[in-house]
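# Reading the structure
Chain by chain, the residues run as shown.
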Amino acid sequence: MSTVHGDKSEAILDAAYGIFGSKGFYETKMSDIADEAGIAKGTIYLYFKSKEQLFIAVSKRDCNGFISRLDYALKSQENTGDKLGAIAKTHLTYYYERRNHTKLFFMAPNNDPDLMKFMKAFMNEYMSMVCEVLKSASVPEPVLLAEAYIGILDRLKMDIMLNPEFNEEDLNKRIAFAAALFLDGCRSFLQI
């Protein structure tokens, strides 16, 4: 990504987010993004060298927003149970808010090494945050438990992403369910 920033850059990212989300990476044309952003196609290349770099920039902005939201949510909770609930709420709400942009996740350039490097770093940061919550509860095997919890949430997100009838009541039910299931299933590990 270019070091140039400003309103045009944000307009490009906003437009790209919407179009990548509805069409997917491979079906999206840079001219579609330019039209949506209200700029000339060539202007995009002043900010982003390629469609892959633009997709990575969209992904970075989105993932960094997720990490910031999760960090804020965790800081506002005191006990392990509430923190696990905050993780579930952040994770599942994130996908609920993006349920009309599923192609960001299912039609991405998965063979792009820069995107894969970024996604690996993002997942490591997310895992670390969940792991820290569990370590603070002095559980054995916090890494395995963190992987299991994120796995539960990832499975529940599929209902959100693939069911057009999914609503806010369904979301809240799954948030409460995930945290309760994990806490009850791990009660022998957690000192709550």
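About the criteria used
Residues numbered from 1 in each chain as written. Predicted model: local features only at pLDDT ≥ 70, side-chain atom pairs only at ≥ 80, totals over all residues. Heavy atoms only, no water. UniProt positions renumbered as here; feature names shortened; annotations may be inferred. Helix = DSSP H or I, 4+ residues; strand = E, 2+ residues; numbered from the N terminus. Domains from an automatic or database assignment. Contact = heavy atoms within 4.5 Å. Buried area = accessible area lost by both parts, 1.4 Å probe. Salt bridge = Lys/Arg side-chain N within 4 Å of Asp/Glu carboxyl O. Polar contact = N/O pair within 3.5 Å; in protein donor to acceptor, adjacent residues only side chain to side chain. Nonpolar A, V, L, I, M, F, W, Y, C, P; charged D, E, K, R; others polar. Buried < 20%, exposed > 50% of the residue type's maximum accessible area, 1.4 Å probe, protein only. Phe/Tyr/Trp six-rings, centres within 6.5 Å; stacked < 30°, edge-to-face > 60°.

Moving on to the UniProt feature "DNA-binding region" (unreviewed entry) in the protein. The UniProt record marks residues 29-48 with the feature "DNA-binding region" (unreviewed entry), using the residue numbering of this structure. As a span, residues 29-48 carries 75% helix and 0% strand, and end to end its C-alpha atoms are 14 Å apart.

A few words now on the domain arrangement of the protein. For the protein, the domain assignment lists domain 1 (1-49) and domain 2 (59-188). Of the residues lining the interface, twelve residues belong to domain 1; the matching set on domain 2 comes to 13 residues. Taken over both partners, the interface formed by domain 1 and domain 2 buries close to 950 Å², and the fraction arising from carbon and sulfur atoms is 55%. Considering only the side of domain 1, the residues that lose the most area to domain 2 are Tyr-17, Gly-21 and Tyr-26, jointly responsible for 52% of the buried surface there. For the interface between domain 1 and domain 2, the tally reads two salt bridges. Across the pair Arg-61 and Glu-10 runs a salt bridge, and its minimum N-O distance is 2.9 Å. For the pair domain 1 and domain 2, the number of links is two residue pairs in polar contact (both at pLDDT 80 or more). When the residues that make up the side of domain 1 that touches domain 2 are grouped by side-chain class, the tally is five nonpolar, four polar and three charged.

What follows is about the pattern of salt bridges. In this structure the tally under the stated criterion is eleven salt bridges. Lys-23 is the salt-bridge partner of Asp-32, the closest N and O atoms lying 2.9 Å from each other. Lys-23 gets classed as partly exposed once you look at its relative accessible area, which sits at 34%. The closest approach of N and O atoms between Asp-62 and Arg-98, which form a salt bridge, is 2.9 Å. Of this pair, Asp-62 sits in helix H4 (residues 51-75) while Arg-98 sits in the loop between helix H5 (80-97) and helix H6 (103-106); the two residues are 36 residues apart in sequence, bridging distant segments of the chain. Accessibility expressed as a relative area gives 12% for Asp-62, which makes it buried. Classification of Arg-98 by relative accessible area gives buried; the value is 11%. Each member of the salt-bridge network shares a partner with another, and the members are Asp-62, Arg-69, Glu-97 and Arg-98.

Centre distance and the angle of the planes are the two values used to describe a pair of aromatic rings. A full pass over the atoms with the stated rule returns eleven aromatic pairs. Each ring, one from Phe-66 and one from Tyr-126, has its centre 5.0 Å from the other, and the planes form 85 degrees; the classification is edge-to-face. Residue Phe-66 is located in helix H4, and its partner Tyr-126 is located in helix H7 (residues 113-136); the two are separated by 60 residues in the primary sequence. For the pair Phe-66 and Tyr-126, a shared accessibility class is recorded, and that class is buried. Look at Tyr-149 and Phe-182: their rings are 4.5 Å apart centre to centre, the planes differ by 40 degrees, and that puts the pair in the tilted class. One end of the pair, Tyr-149, is in helix H8 (residues 142-162); the other, Phe-182, is in helix H9 (residues 168-185), and 33 residues separate them in sequence.

Here Ala-11 is to be found in helix H1 (residues 7-23). Each C-alpha atom, one on Ala-11 and one on Glu-36, is 8.5 Å from the other, the two residues being 25 residues apart in sequence.

With that settled, consider unusual backbone geometry. The phi torsion at Ser-138 lies on the positive side, around 60 degrees, for a residue other than glycine. One can find Ser-138 in the loop between H7 and H8. Of note, Glu-141 is a non-glycine position whose phi angle comes to about 55 degrees, a positive value.

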